[in-house]
Amino acid sequence: MKIKSIDFSKFSSIKIGKPIDVTIIEKPQDYKKEFYLIGSCNNILIGDNPPLLAKLSKVYDYIKVEDGVLKIGGATPSGKIASFCKKNDIANFEFLSHLPGTLGGLVYMNAGLKEYEIFNHLIDITTISGVKTKDKITYGYRFSDIDEPIFEASFELSYGFLQERVEMFKKMRANQPKQASAGSCFKNPDGDYAGRLIEAVGLKGKRVGDMEFSSQHANFLINHGNGVYKDAIYLIKEAQKRILEEFGISLECEIAVLS
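Below is a short write-up of the structure.

Conventions adopted
Each chain has its residues counted from 1, following the order in which its sequence is written. Residues qualify for local features only when their pLDDT is at least 70, as the model is predicted, and side-chain atom pairs are given and counted only at 80 or more; totals for whole chains, interfaces and linings, by contrast, use all residues. Derived side-chain values reflect all non-hydrogen atoms in the structure, with water molecules and hydrogen atoms excluded from consideration. Numbering of helices and strands starts at the N terminus; helices are DSSP runs of H or I of at least 4 residues and strands are runs of E of at least 2. The rule is simple: take the accessible area with a 1.4 Å probe, protein chains only, and divide by the maximum for that residue type; under 20% is buried, over 50% is exposed, in between is partly exposed. The contact criterion used throughout is that any non-hydrogen atoms of two residues lie within 4.5 Å. Every accessible area reported is derived by Shrake-Rupley at a probe size of 1.4 Å, with residue values counting cover from the shown protein chains alone. For the purpose of charge, His is not counted, nor are the chain termini; Lys and Arg are scored as positive and Asp and Glu as negative. Charge positions come from single atoms, namely NZ of Lys, CZ of Arg, CG of Asp or CD of Glu. Strand pairing is assigned whenever DSSP detects at least two bridges linking the two strands. Under this scheme, a helix contributes an axis fitted over its contacting stretch, all axes are lines through C-alpha atoms, and angles between N-to-C directions fall in the 0 to 180 degree range. When we speak of the arc, we mean the arc of directions from the helix axis to the C-beta atoms.

**Considering the overall build of the protein chain**
1) Next: Broken down by element type, the protein chain carries 6 helices and 19 strands.
2) Next: Overall, the protein chain is about 55 × 45 × 30 Å in size when its C-alpha atoms are taken along their principal axes.
3) Next: Counting all 259 residues of the protein chain, 48% fall into the buried class.
4) Next: Long-range contacts, defined as pairs at least 24 residues apart, comprise 60% of the intrachain contacts of the protein chain with a sequence gap of at least 6.
5) Next: Put simply, the protein chain shows about 12,400 Å² of open surface, and 50% of that area lies on carbon and sulfur atoms.
6) Next: Measuring between centres, the 34 positive side-chain charges of the protein chain sit 5 Å from its 33 negative side-chain charges.

**A closer look at the sheet that holds strand β18 (residues 220–223)**
1) Next: A sheet is described by the order of its strands in space; here 4 strands give the open sequence β15-β18-β17-β16, paired in antiparallel fashion. In the strand order of this sheet, the two ends are held by β15 (180–184) and β16 (207–208), each with one partner.
2) Next: One ladder, built from 3 bridges, connects β15 with β18; its direction is antiparallel. Across the sheet, the residue bridging to S184 is F220, located in β18.
3) Next: Packed onto the sheet, helix α6 (residues 229–247) meets β16, β17 (211–213) and β18 and runs at close to 25° relative to β17.

**Quick word on the sheet that holds strand β6 (residues 63–66)**
1) Next: Taking strand neighbours across the sheet as the criterion, the 5 strands line up as β6-β7-β14-β10-β11 in an open arrangement whose pairing is antiparallel. Since the sheet does not close on itself, it has two edges, and those belong to β6 and β11 (130–133), each with one partner. Neighbour-to-neighbour, the strand axes of the sheet open up by a mean angle of 20°, direction not taken into account.
2) Next: Running at roughly 45° to β6, helix α2 (residues 78–87) makes contact with β6 and β7 (69–73) of the sheet.

**Brief notes about the environment of K114**
1) Next: Checked against the element boundaries, K114 lands in the loop between β8 (112–113) and β9 (116–117).
2) Next: Measuring from C-alpha to C-alpha, the distance between K114 and F95 comes to 9.8 Å, with 19 residues separating the pair along the chain.
3) Next: Sequence-distant contacts of K114, defined by excluding residues within four places in its chain, comprise R142 and M172.

**Structural notes on α2**
1) Next: Among all positions in α2, only S78, I81, A82 and C85 are buried. Buried residues of α2, viewed axially, fall in a sector of 95°; they line one side.
2) Next: Contacts made by the buried residues of α2 are with β6, β7 and α3 (103–108).
3) Next: Phi turns positive one or two residues past the end of α2, at D89, with a value near 55°.

Purely geometric numbers; function is a separate question.
See the structure below:
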C-alpha cells in the first residue's frame, strides 16, 4: 500500500480542492470499507473534509481478450479503451471516445450517452468479494448498487467498430462547454432535463466567484479558473431549492460531492 499526495485543484476535472493524501490500492487487501475511490476524478467535487480517499494503481490498467471475452482493468482510462477497440475493430464502445473516466467509475455509475450505456454489454465484475454477474447487480440510469472497488469488468465481445458512431457522439457533446467542470451536474429527472429546469429558474449563466452554471449548457457547473468549493456548493443548493419550489422536482446530483 502506498500513500500519494494529490493536489485536487490540478487533478480533478473541475479544478477544485487542496493537496490530500490518497491511498494507492495495489492489491485487494489494501482496500478498507471507509475508503472512497476517486478514479480519474472526472465527476467529483472535493470539499474541505472529504472521507478517506483511495485510487487503484496502474496494476489495474489493462485490456485483454480471453476466450472470446473483453476484460478491462478498473483503472483503465476510457480513451485507452476506445483506442483499443478502434485498433482491434471491436464494437459497442465507441461512446467512450467522448466520455472521460476510468473503467471502475464508468461501471459504478453506469456511464453512457443516451441509450448507449456501459452496462449494455457487461457480463460481470470482479470486486473484493469475488466475481459478480450482471444479473446480481441493481442498475439503472447513471446508477448501480455496487459498493466495492471494481478491479476488473468482463464484456461481450463483438466486432465492427463504427467510426460514424464516434462522429454521432462527438456531435452529441458539441454543445458542452470546454471550461473545467465535473461533467453533468445533475441527473435528468424523468421526462425532463436538468439543464432546462436550471434555465427556467433563472440560473443559466449565474456566476458566483469563478463558478458558473454555463451559459452554453446550464447543467454544466464550470470553473473559470479560481473556483472554490463554497461557491460551487452554493450554486448546486440554490438550483435544487429553486427547482423544488417552482416545479416540485428534487434534482439529484450526478457529480459526487465529497465534503
